[in-house]
Amino acid sequence: MTSMPVASREAAPLPVAALMGAMVSIQIGATFAKTLFPVIGAQGTTTLRLVIGALMLIAVLRPWQMRPSRATLPWLVAYGVTLCALNLLFYAALARIPLGVAVALEFSGPLLVATLTSRRASDFAWIALAVAGIVLLSPFIHSLQPLDPVGVMLALAAGGFWALYIVLAQKAGAELGTRTTAYGMAIAAVLVLPFGIAEAGSGLLAPSILVSALLVGLFSSALPFFLEMVALTRMPARIYGTLTCLEPGLGALAGFLFLRESLTMPQLAGIAAVIVAAAGTALTSKPPVPSPEKREGRLFGRRRSATSAPSWTSQKYNPY
């Protein structure tokens with residue numbers, strides 16, 4: 001069977017629609033999560049999100065079928081710890097600042113990883129543009145709607161953990177493949193329980209809360225995971241990396257439509273600058289040298305092109 005030409009694969013509507021659906025789903029999940037903050041707090045919401053997400057991923061991926069080796073176990077534990085901290089920080093930021101701003105500031109993490117792996121002069125232009133965008137989103141810019149400085153710092157800290165998450169996901173994922181996500185979510189769910197219980201107590205088990213929490217788990221974990229797997233197996237790296245850079249814009253749109261969050265012109269300009277910087281980094285990055293397994297077209301037990309997403313985007317899936 002002849003393989004589909006690159007141009008045809010790039011134009012194929014199914015993977016593009018699947019990836020866009022995954023990104024929209026994640027932002028809708030974040031809006032559902034934010035509506036739970038007044039009832040069970042950010043830490044309680046984080047707990048339900050991780051626990052329900054872990055249960056869904058365990059049911060789908062059945063991680064017990066592939067146990068981690070002793071060499072991989074420390075990386076896997078570190079990955080789970082990072083995932084827990086990342087979610088706690090992001091939701092704490094989301095309780096203080098608009099969704100689109102939080103997502104844009106958190107993008108500083110993968111942008112840092114992407115630019116540090118390259119030494120070309122053009123990359124410094126993208127770094128400068130991203131920094132300019134972050135400055136426009138900082139609380140130091142005079143605005144009629146100033147941002148909470150603590151929320152901004154929490155979102156940037158979440159970005160730092162996102163960068164660490166990418167590195168650790170590569171280490172653990174080399175052996176466990178997609179099951180890394182299920183193991184990591186399970187570890188994070190166990191670690192976050194004391195935080196959620198301390199803040200929300202028995203409120204975590206209220207039937208009215210669980211319905212909303214199930215929606216958060218569905219839209220933030222199960223549905224985007226399936227859709228991203230559809231996209232990752234059919235989409236070249238540059239297209240995937242470029243499209244995922246739209247997430248801050250989708251977050252701002254979801255916040256406006258569902259949470260009535262309005263942004264000022266400088267804040268919108270800051271989000272746009274981060275999107276352009278991330279897209280520029282993805283478009284100008286050199287594709288990684290494929291491993292022998294990838295050259296044979298096998299990854300995580302599935303057929304996959306050697307032009308599949310680069311490490312910083314393929315391990316980007318759903319950290320918050």
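1. With respect to the confidence of the model for the chain
- Averaged over the chain, the pLDDT score is 81; the fraction of residues at 70 or greater is 81%.
- Taking the mean pLDDT of every element in the chain, the minimum, 31, falls on strand 1 (residues 298-299) and the maximum, 95, on helix 3 (residues 73-94).
- Note that residues 288-317 has pLDDT below 50 and, in this model, 66 contacts with residues that lie over four places away or in other chains.

2. Here's the deal with unusual backbone geometry
- In this structure, Arg62 takes a positive phi of about 45 degrees despite not being glycine.
- Within the element layout of this structure, Arg62 appears in the loop between helix 2 (13-61) and helix 3.
- For Arg62, a relative accessible area of 42% puts it in the partly exposed group.
- Of note, Arg260 is a non-glycine position whose phi angle comes to about 60 degrees, a positive value.
- Tracing the sequence through the fold places Arg260 in the loop between helix 11 (247-259) and helix 12 (265-284).

3. So, the nonpolar core
- The biggest cluster of nonpolar side chains holds 83 residues, and the ones touching the most others in it are Phe90, Ile97, Val101 and Ile271.
- When near neighbours in sequence (up to four residues on either side) are disregarded, Val101 contacts Leu137, Leu147, Leu263 and Ile271.

4. Considerations on the packing of aromatic side chains
- Taken as a whole and assessed by the stated rule, the structure comprises five aromatic pairs.
- A ring pair is formed by Phe90 and Tyr91, whose centres lie 6.0 Å apart and whose planes are at 50 degrees; its orientation type is tilted.
- Grouping aromatic residues by their ring pairs yields a cluster made of Phe37, Phe90 and Tyr91.
- Over the ring of Trp75 we find Lys171; its NZ or CZ atom is 5.3 Å from the centre of that ring.

5. Focus on the pattern of salt bridges
- Within this structure, the stated rule accounts for two salt bridges.
- In this structure, the salt-bridge partner of Lys34 is Glu261, at a minimum N-O distance of 2.5 Å. Here Lys34 is found in helix 2, whereas its partner Glu261 is found in the loop between helix 11 and helix 12, with 227 residues between them in sequence. The exposure classification of Lys34 matches that of Glu261, with both residues buried.
- A salt bridge links Arg96 to Asp148; its shortest N-O distance comes to 3.2 Å. Note that Arg96 is positioned in the loop between helix 3 and helix 4 (99-106) and Asp148 in the loop between helix 6 (121-136) and helix 7 (149-176), a separation of 52 residues in sequence.
- On the accessibility criterion, Arg96 (44% relative accessible area) is partly exposed.
- Judged by its relative accessible area of 26%, Asp148 falls in the partly exposed class.

6. Let's talk about the environment of Ala282
- Its place among the elements puts Ala282 in helix 12.
- The exposure class assigned to Ala282 is buried, which follows from its relative accessible area of 5%.
- Taking the C-alpha atoms as reference points, Ala282 and Gly241, separated by 41 residues in sequence, lie 5.2 Å from one another.

The rules behind each value
Residues numbered from 1 in each chain as written. Predicted model: local features only at pLDDT ≥ 70, side-chain atom pairs only at ≥ 80, totals over all residues. Heavy atoms only, no water. pLDDT = per-residue confidence, 0-100. Helix = DSSP H or I, 4+ residues; strand = E, 2+ residues; numbered from the N terminus. Contact = heavy atoms within 4.5 Å. Buried < 20%, exposed > 50% of the residue type's maximum accessible area, 1.4 Å probe, protein only. Core = buried A, V, L, I, M, F, W, Y, C linked by side-chain atoms within 4.5 Å. Phe/Tyr/Trp six-rings, centres within 6.5 Å; stacked < 30°, edge-to-face > 60°. Lys NZ or Arg CZ within 6 Å of the ring centre and 35° of its normal. Salt bridge = Lys/Arg side-chain N within 4 Å of Asp/Glu carboxyl O.

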